[in-house]
Amino acid sequence: MSSSKPFPVYIELKAVVEAVSHALEGFPSEVIGFLVGMPYEWGGETYVYITATLRGKAVASETHVEFADDSLGEVVQSLRENHPDSVLVGWYHSHPGYGCFLSPTDLASHVSCFTMPYHVAMVVDPVKREMAFFRVRSISEYEQICSAVVRRKVHG
Amino acid sequence: MVKVVEVAGPEILKRQPPSEPFYEVVAVDLEADGYDITEIIDIIKGRKPSKEEQMKQDG
């Protein structure tokens, strides 16, 4: 069994499709949601395996998005009911037309809600047709990270 | 009275990342410069069949 260094992020294709669909449906406004999965360790490194997404109820415009006040309770309930063996491993949002990066507001949101070192942020731009993952070190420092999109094979 | 409880994350188990033979690696961002999601968008918008649909069409 190989113990080579893993990517920081593995995401199932269906989760990518869910997030991109959400971004397209919300256009021209930004959309926001959560990444569902689990953190694991391999080869001395921690990675996250994202298996699903949860849409967040948001207050959004073309350049700004934030969670609605009553949204987090619904997300927690949905997580418990539909993904009982998973946790939130990060969040995603869209940047329609202005590329994949984390703004100061995005960084502030991330550090306030996602405090574990394995938590990641995903940005989708449905206009430029780009997607990227990030890890946040502090409110002023972040890095774009490598990742892999995978699909579970069905044997039968 | 408000009680502050420290919330810990889940226990991080050792597990090999998704790979062959049970998983297919569809795309990789090796250089941390992001993905082009044109194909995914085209499939969602119905302009292009997915790989499974294409295989069905090809018989």
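What you are looking at is a predicted structure, and each value in this text was computed from that prediction instead of being measured.

Draft legend 1. Region of interest: the overall build of chain A. If you tally the helices and strands in chain A, you get 3 helices and 10 strands. Reading the helices (α) and strands (β) of chain A from amino to carboxyl end gives β-α-β-β-β-β-α-β-α-β-β-β-β. Across the 156 residues that make up chain A, the buried fraction comes to 54%. Relative to all contacts within chain A whose residues are 6 or more apart in sequence, the contacts with residues 24 or more apart total 68%. Looking at chain A as shown, the accessible area adds up to about 7,100 Å², and 52% of this sits on carbon and sulfur atoms.

Draft legend 2. Seen up close, the interface of chain A and chain B. Across the boundary between the two partners, chain A contributes 42 residues, which contact 36 residues of chain B. When the two sides are added together, the surface that chain A and chain B hide from each other amounts to roughly 3,400 Å², 63% of it contributed by carbon and sulfur. Contact with chain B buries area across many residues of chain A, yet R129, R151 and K153 of chain A alone supply 23% of it, more than any other trio. One can count 3 salt bridges joining chain A with chain B. Residue D42 of chain B is joined to R129 of chain A by a salt bridge in which the shortest nitrogen-to-oxygen separation is 3.2 Å. Contributions of two or more residues to the side of chain A that touches chain B are made by strand 1 (9–12), helix 1 (13–26), strand 2 (32–42), strand 3 (45–55), strand 7 (120–125), strand 8 (130–138), strand 9 (141–145) and strand 10 (147–152) of chain A. Classifying every residue of the side of chain A that touches chain B gives 28 nonpolar, 6 polar and 8 charged. Bridge count between strand 8 of chain A and strand 3 (residues 35–36) of chain B: 2 bridges; the pairing is antiparallel. Bridged to M131 of chain A within strand 3 of chain B is Y35 of chain B.

Draft legend 3. Expanded view of the pairing of strand 7 of chain A. Residues and elements named next belong to chain A. Among the 6 residues in strand 7, 6 count as buried, and that is most of the element. By the alternation rule, side chains of strand 7 split into V120, M122 and V124 and A121, V123 and D125, which are all buried. As paired elements, strand 6 (residues 87–94) and strand 7 share 5 bridges and run parallel to each other. Paired with H93 across the two strands is V123, which belongs to strand 7. Note on the crossover from strand 6 through helix 3 (residues 104–113) to strand 7: the handedness is right-handed. Where strand 7 and strand 8 come together, 5 bridges link them in antiparallel fashion. Within strand 8, the position partnered with V124 by the bridge is M131. Counting the residues between successive antiparallel strands, the hairpin from strand 7 to strand 8 contains 4 residues, one of them, R129, with a positive phi of roughly 60°.

About the criteria used
- Residues numbered from 1 in each chain as written.
- Chains lettered and ligands numbered in written order.
- Predicted model: local features only at pLDDT ≥ 70, side-chain atom pairs only at ≥ 80, totals over all residues.
- Heavy atoms only, no water.
- Helix = DSSP H or I, 4+ residues; strand = E, 2+ residues; numbered from the N terminus.
- Buried < 20%, exposed > 50% of the residue type's maximum accessible area, 1.4 Å probe, protein only.
- Contact = heavy atoms within 4.5 Å.
- Areas by Shrake-Rupley, 256 points an atom, 1.4 Å probe, with all protein chains shown as cover.
- Buried area = accessible area lost by both parts, 1.4 Å probe.
- Salt bridge = Lys/Arg side-chain N within 4 Å of Asp/Glu carboxyl O.
- Nonpolar A, V, L, I, M, F, W, Y, C, P; charged D, E, K, R; others polar.
- Pairing = 2+ DSSP bridges.
- Right-handed = clockwise from strand over helix to strand, strands pointing away.

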